[in-house]
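# Fold and contact review
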Amino acid sequence: MVGKMEPLMVLSHLRVVEIGSSAATSYCARLFADFGADVQKVEPPAGDPIRRSAPLTPGGQSAWFAFLNFNKSSAIIDSADPDAITRLTSLIEDCDILVDGRDVDPADCPSIDIAAIRQRRPRLIYLEASWFGHQGPYAGFAATDSTVRSLAGLIKLVGPVEGPPLHAPDFQTGILAGLWGFIAAASSAVAQMRGGAGRSWSLSIFESSLALSEYQMFEALTCGDLMRRIGINRFWPNFPVGIYETQKGWLGVTTITPAQWSAFCDMLGLSELRDDPALVLGADRLKRMQQIERQFIPRLKTRTAQEWFAEGLKRKIPIVPVPEISDLLQDAEKKARGAIVPILLGGEEEGLTAGSMQRLTSTPPRQGGKVPAPGEQQAFGNIRTHLSLTAPWSSGCIEAGRLPLQGIRVIDFSMGWAGPLCTRTLADLGADVIKIEAIQYPDWWRGVDRRPAYVNDKMYEKTIRFCMANRNKRAITLDLTRPQGLALAKRLLAGADIVVNNYSVDVLPKLGLGYDVLRTLNPRLVMMSMSAFGGNSVHRSCRAYGSTLEQGSGLPTVIGSPDDPPVMSHIAFGDAVGGLNGCAAVLVALTHARNTGQGQFIDLAQIECMMQFAAPWITVHSIGGMPPPRYGNRHPQFVPHGCFRCAGEDNWIMVAATDADMWQRLATLIGRPDWATDASLKSAEGRRGVEDVIEKGIESWTLTRDADQAMSELQAVKVAAGVARLPIDLLKDRHLRSRAFLQEVERAFIGWHPQPSMPIREGTRPYAIRTAAPTLGQHNREILSGLLGLSDAGIAQLAREGIIGTKMLSEAELAKTRKTSSG
């Protein structure tokens, strides 16, 4: 593939230089390469250390490195070379974006003066990643993917009740942080189209991971310290949300709304459960888990997972077969959509990996590519045109206080978590986001309870989760099923840059708001659909939640021990992941729209977004043909690696030894200097033979200590360790407090409450949260009058007709409107 010429792509005008060794910065840079950027990966003569990361292919190539780095070029710079600094400085001064992972691992990169380079090249966009940021109690901690996730509240709630907590393979924080890094750099590139200087960002990998924790963190704020580990594939506050055995294969089940629970019971012939008023809500069912499972598990075993899936589609139940990695590799649809793509490793090994999930239909990403050998340049025919951010260099300044996406308008039809997180991030970065709901069907994160007490007490205005996902937005209500509401929506869309929805694929087209209609109204409009499987999938009508997306991704089959069922990691893993991928996708499409005046449709399949986390196992299995091993809490490369019990009730700490020196420090600390000097234990493979013994020795030490004390002692000797936190613990986390990560915001019906910051910041403090989440229809008058020019009388008439409003309809009121409209 070297020397291959290709058409100009969306980001072909950009050159990106990547220094240091960090999965986060590598993935950030790969996202640029996916859309045509010339990415120069700077490596030492021995290559990026991630080249040696497990799992390895039969040919000895790192599958993780391959996923992070295909379609890049490699530039070898030897720090011992007298000209190293000059060569590296010249490379950076000729680029548009510099991504810097040296704080995670310098990888023998020459020391350079970034500040001086930025002074000479003020349009350079700079992104620096670190595990925890440069300030705060955790700054400087030794870390791994798992220890960071442990501190981020992402491990303790997973696994058997008695413990230990279970965790996924080591490929998550780099992807999450890489997405955030791309969002920072890409939004800067969009901003730079207005002229002015480049932006300088710092990225906290730890805080990036909190995008997954924030839902449970703020539910705990509302409900108190209720969350505990309640068993494999069981999660507070909904039930059933899990993975169950069928006659053939495993089935992912999620029931959230009363209607879904009723349909699930009907499907299984369990009318007694369906008609029990004490089981209407998931939180109530959670109290009777064992009793309910005893009734439906035998029924599920009477048919195959595929048969139940087909039945669930008919009944609009969010259920999905749980694929093995081999199933993904045989999925022709995934390959056709580019979710699984071919790659060439080491010059001769052909394999498959997870492709770009940003499915832009007019300017698609590269479909596979080559993993560069150390020092290998790949020529794709990139032409750095007048669109280049570096030509000409400007000494202009960023307008004081101007946010990257200021001046961009977004129409937000999304609900729940995934879509609102995408649009919240755009809003945080300065976009004017207008959220459209209806009094008939408000965002379901306001609550699905339509009983009179809930509605009359305005409980739908008191849900912290809704406030978390919708800050910095304006909101109106429009009944899109009626001509007046539809016409007003079209007028808003005619002046917008972006529209986002996460409905089922047919909802907006049936209302007359499909892309074929909207592009005639507004040719520069970027429209994104965030469905489960994608708009052209044979399963396009599948209903899904964040849990469904994880269940259908293949990831659960590589988590846990060999005797476990497929193991879920989160109540709604796919939501945050889909939201961040969606944000990245619209920023790429927005770049194209700003350069050409042409919008496009983005067909984001959220299940595909989850496949990134299984990418190394996809590659290894595609080449070797063997199913990936399940390591439990162990690791394919680090020994020891696990979650160890500490003093007190259900207290745990994640500990990992990432190299021989760290192992020796760990052994000495826990009172085993004989292990530290034992030559047979110097290598990870040598230690693997006695891993059981080593783990018992570590736990003998941790059991005598409080988890935080154990972490302090381990970190004092630079051993990677992280306390297994609960989400509620994060509200008082000393590191997050020191970095002002949680910002207090005041809102009607709730008062002062905390809000999580973005993990990307331009200075020492995060971007300020400008406004609290809107109440239902809060900005009706402001938008209808100010933007669309409606009179007070016209707005009042819309309210009388129920086309707009500020009060959610109860079930009885909704039934009445249905009867009126059908009559």
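Residues numbered from 1 in each chain as written. Predicted model: local features only at pLDDT ≥ 70, side-chain atom pairs only at ≥ 80, totals over all residues. Heavy atoms only, no water.

## Some words on the overall build of the chain
Quick note on the threshold: Counting from the N terminus, the helices are the DSSP runs of H or I reaching at least four residues and the strands are the DSSP runs of E reaching at least two. Both definitions apply: the radius of gyration is a C-alpha atom measure, and the globule rule equals 2.2 Å times residues to the power 0.38. Only protein chains enter the calculation, and the probe is 1.4 Å; a residue is then buried if its accessible area is under 20% of its type maximum, exposed if over 50%, and partly exposed in between. Residue contacts follow a heavy-atom distance rule, with two residues in contact if any of their heavy atoms lie within 4.5 Å. All accessible-area figures derive from a Shrake-Rupley calculation using a 1.4 Å probe, and residue coverage is judged against the displayed protein chains alone. The charge count includes Lys and Arg as positive and Asp and Glu as negative, but it does not include His or the ends of the chains. For charged residues, the charge sits on one atom: NZ in Lys, CZ in Arg, CG in Asp, CD in Glu.
Counting its secondary structure elements, the chain contains 33 helices and 24 strands. Computed over the C-alpha atoms, the radius of gyration of the chain is 26 Å, within 12% of the 28 Å expected from 2.2 N^0.38 for a compact globule of 823 residues. Taken along the three principal axes of its C-alpha coordinates, the chain extends 85 × 65 × 50 Å. Across the 823 residues that make up the chain, the buried fraction comes to 63%. When contacts within the chain are restricted to residue pairs at least 6 apart in sequence, long-range pairs at least 24 apart make up 76% of them. Of the roughly 28,500 Å² that the chain leaves accessible, carbon and sulfur atoms contribute 53%. Here the chain contributes 87 positive and 85 negative side-chain charges, whose respective centroids are spaced 6 Å apart.

## Notes on the side chain of Glu-207
Worth spelling out the cut-off: Distance and chemistry together define a polar contact, namely a pair of N or O atoms within 3.5 Å, with one atom able to donate a hydrogen and the other to accept it when in protein, and with adjacent residues in sequence counting only for side-chain atoms on both sides.
Within the secondary structure layout, Glu-207 lies in helix α7 (residues 205-223). Its relative accessible area of 1% is what places Glu-207 among the buried residues. Looking at Glu-207, its side chain comes within polar contact range of the side chain of Arg-739, at 2.5 Å. Filtering out sequence-adjacent residues up to four positions away, Glu-207 remains in contact with Leu-736, Arg-739, Phe-741, Met-758, Pro-759 and Arg-761.

## Observations concerning helix α6 (residues 173-192)
So the rule is basically this: Between the first and last residue of a helix there are one fewer steps than residues, each counted as 1.5 Å, and that sum is the expected span.
Over its 20 residues, α6 extends 28 Å from the first C-alpha to the last, a length consistent with the 28 Å expected when each residue adds 1.5 Å. Counting buried residues in α6 gives 20 out of 20 residues, a clear majority hidden from the surface.

## As for the pairing of strand β22 (residues 742-747)
Here is the rule we go by: Only strands joined by at least two bridges in the DSSP assignment are considered to pair.
Residues of β22 alternate between two faces, with Gln-743, Val-745 and Arg-747 buried on one and Leu-742, Glu-744 and Glu-746 left unburied on the opposite face. As defined by bridge partners, β22 adjoins strand β23 (residues 751-756) across 6 bridges and the pair is classed as antiparallel. Residue pairing in the sheet places Leu-742 in a bridge with Pro-756 of β23. Hairpin connection of β22 to β23: 3 residues between the antiparallel strands, including Phe-749 at a positive phi of 75°.

## Points about the sheet that holds strand β9 (residues 319-322)
Rules: To define axes, lines are fitted to C-alpha atoms, for helices over the stretch in contact only, and angles between the resulting N-to-C directions are given on a 0 to 180 degree scale.
Ordered in space as β7-β8-β9, the 3 strands form an open sheet in which the pairing is antiparallel. The strands lining the two open edges of the sheet, one partner per strand, are β7 (241-245) and β9. Between one strand axis and the next, the sheet turns through 25° on average, direction left out of account. Of the strand pairs in this sheet, β7 and strand β8 (residues 250-254) are connected by 5 bridges, and their pairing is antiparallel.

## Some words on the packing of aromatic side chains
What counts, and what does not: Two aromatic rings from Phe, Tyr or Trp, using only the six-membered ring of Trp, form a pair when their centres are within 6.5 Å; if the ring planes differ by under 30 degrees the pair is stacked, by over 60 it is edge-to-face, and anything between is tilted. Criterion for a charge above a ring: Lys NZ or Arg CZ within 6 Å of the ring centre, and within 35 degrees of the ring normal.
Summed over the entire model, instances satisfying the criterion amount to 25 aromatic pairs. Seen in terms of ring centroids, Phe-171 and Trp-617 are 6.0 Å apart; in terms of plane orientation they differ by 65°. Their pairing is edge-to-face. With Phe-171 in the loop between α5 (145-151) and α6 and Trp-617 in helix α24 (residues 615-624), this pair connects stretches of sequence that are 446 residues apart. Note on Phe-171: relative accessible area 3%, which makes it buried. Its end group placed over the ring of Phe-67, Arg-30 keeps NZ or CZ at 4.8 Å from the ring centre.

## A word on the pairing of strand β10 (residues 340-345)
The element β10 is largely enclosed, with a buried count of 5 among its 6 residues. The pairing of β10 with strand β11 (residues 349-354) spans 6 bridges and is antiparallel. When the bridges of β11 are listed, Val-341 appears paired with Thr-353. Sheet analysis places β10 next to strand β12 (residues 369-370), joined by 2 bridges and oriented parallel. Its bridge partner being in β12, Leu-344 is matched across the sheet by Lys-370.

## Considerations on the packing of α6 against helix α22 (residues 573-596)
Helix-helix packing: each pair is described by the crossing angle between the helix axes and the interaxial distance. Applied cut-off: With respect to orientation, any angle under 35 degrees is reported as roughly parallel, any angle over 145 as roughly antiparallel, any angle of 65 to 115 as roughly perpendicular, and every other angle as oblique. Here a crossing is called left-handed whenever its near helix is offset anticlockwise from the far helix by less than a right angle, and right-handed whenever the offset is clockwise. Polar here means any residue outside two lists: the nonpolar Ala, Val, Leu, Ile, Met, Phe, Trp, Tyr, Cys and Pro, and the charged Asp, Glu, Lys and Arg; Gly therefore counts as polar.
Contact geometry for α6 and α22: axes closest at 9 Å, N-to-C directions at 25°. Put simply, α6 runs roughly parallel to α22. With respect to the hand of their crossing, α6 and α22 are arranged in left-handed fashion. Side by side, α6 and α22 meet where Leu-176, Leu-179, Trp-180, Phe-182, Ile-183, Ala-186, Ser-187 and Val-190 of the first sit next to Val-577, Leu-580, Asn-581, Cys-583, Ala-584, Leu-587, Val-588, Leu-590 and Thr-591 of the second. When the residues that make up the contact of α6 with α22 are grouped by side-chain class, the tally is 14 nonpolar, 3 polar and no charged.

## Remarks on the nonpolar core
We apply this condition: Residues belong to one nonpolar core when they are buried, are Ala, Val, Leu, Ile, Met, Phe, Trp, Tyr or Cys, and are joined through side-chain atoms within 4.5 Å.
Counting residues in each nonpolar core, the largest one holds 172 residues, and the members touching the most others are Phe-32 and Leu-426. Looking at which element gives the most residues to this core, the answer is α22, with 13 residues. Core analysis: the next-biggest nonpolar cluster, separate from the first, contains 30 residues, Phe-413, Ile-476, Val-499 and Ile-795 among them.

## Comments concerning the sheet that holds β11
With mixed pairing, the 3 strands of this open sheet are ordered in space as β11-β10-β12. Each edge of the open sheet carries a strand with a single partner, namely β11 and β12. Contacting β10 and β11, α24 runs over the sheet at an angle of about 150° to β11.

## Looking at unusual backbone geometry
Residues Trp-236 and Pro-237 are joined by a peptide bond in cis, for which omega reads 10°. In this structure, Pro-237 sits in the loop between α7 and β7. Note that the residue after Phe-239, namely Pro-240, is joined by a cis bond; omega there is -5°. Following the sequence through the fold, Pro-240 ends up in the loop between α7 and β7. A positive phi angle is found at Asn-233, which is not glycine, with a value near 60°. Turning to its location among the elements, Asn-233 is positioned in the loop between α7 and β7.

## Observations regarding helix α29 (residues 707-716)
Because each turn of an α-helix spans 3.6 residues, side chains separated by three or four positions end up pointing in the same direction. Put simply, the test is: Here, the arc refers to the directions that run from the helix axis to the C-beta atoms.
Regarding α29, the residues found buried are Ala-707, Ala-710, Met-711, Leu-714 and Gln-715. In a view along the axis of α29, the buried residues occupy a sector of 125°, so they form one face of it. At its buried positions, α29 is contacted by α5, β20 (652-656), α25 (660-669), α28 (691-702), β21 (720-723) and α30 (734-738). Capping the start of α29, Asp-706 holds a side-chain oxygen 2.9 Å from the backbone nitrogen of Asp-708, two or three residues further along.

## What to know about the confidence of the model for the chain
Where we set the bar: Looking at any residue, its pLDDT shows the predictor's confidence there, from 0 to 100.
Put simply, the chain has an average pLDDT of 94, and 96% of its residues get 70 or more. Contacts from residues 386-398, a stretch scored under 50 in pLDDT, to residues over four places away or in other chains number 32 contacts.

## Some remarks on the pattern of salt bridges
It is possible for side chains of opposite charge to pair when their charged atoms get near one another. Threshold: When a carboxyl oxygen of Asp or Glu is within 4 Å of a side-chain nitrogen of Lys or Arg, the pair counts as a salt bridge.
Scanning all chains against the criterion turns up 54 salt bridges. A salt bridge links Arg-229 to Asp-650; the nearest nitrogen and oxygen atoms lie 2.6 Å apart. With Arg-229 in the loop between α7 and β7 and Asp-650 in the loop between β19 (641-645) and β20, the pair connects residues that are 421 residues apart, well separated along the chain. Comparing Arg-229 with Asp-650, the two get one shared label, buried. One continuous salt-bridge network, built from bridges that share partners, spans Arg-634, Glu-685, Arg-688, Glu-691, Asp-692 and Glu-695.

## A word on the environment of Gly-159
Considering the arrangement of structural elements, one finds Gly-159 in the loop between α5 and α6. Residues Gly-159 and Arg-234, spaced 75 residues apart in sequence, show a C-alpha to C-alpha distance of 8.5 Å. Beyond its immediate sequence surroundings of up to four residues, Gly-159 is in contact with Leu-166, Arg-229, Gly-231 and Ile-232.

## Things to note about the environment of Thr-817
Inspection of the secondary structure puts Thr-817 in helix α33 (residues 811-822). Through-space distance from the C-alpha of Thr-817 to that of Gly-416 is 24 Å; in sequence the pair is 401 residues apart.

## Section: the packing of α6 against α7
Direction vectors running N to C along α6 and α7 enclose 95°, while the axes themselves pass 8 Å from each other. The orientation of α6 with respect to α7, classified from their angle, is roughly perpendicular. Of α7, the residues touching α6 (which contributes Thr-173, Leu-176, Ala-177 and Trp-180) are Ile-205, Ser-208, Ser-209, Ala-211 and Leu-212. Looking at the contact of α6 with α7 residue by residue, the classes come out as 6 nonpolar, 3 polar and no charged.

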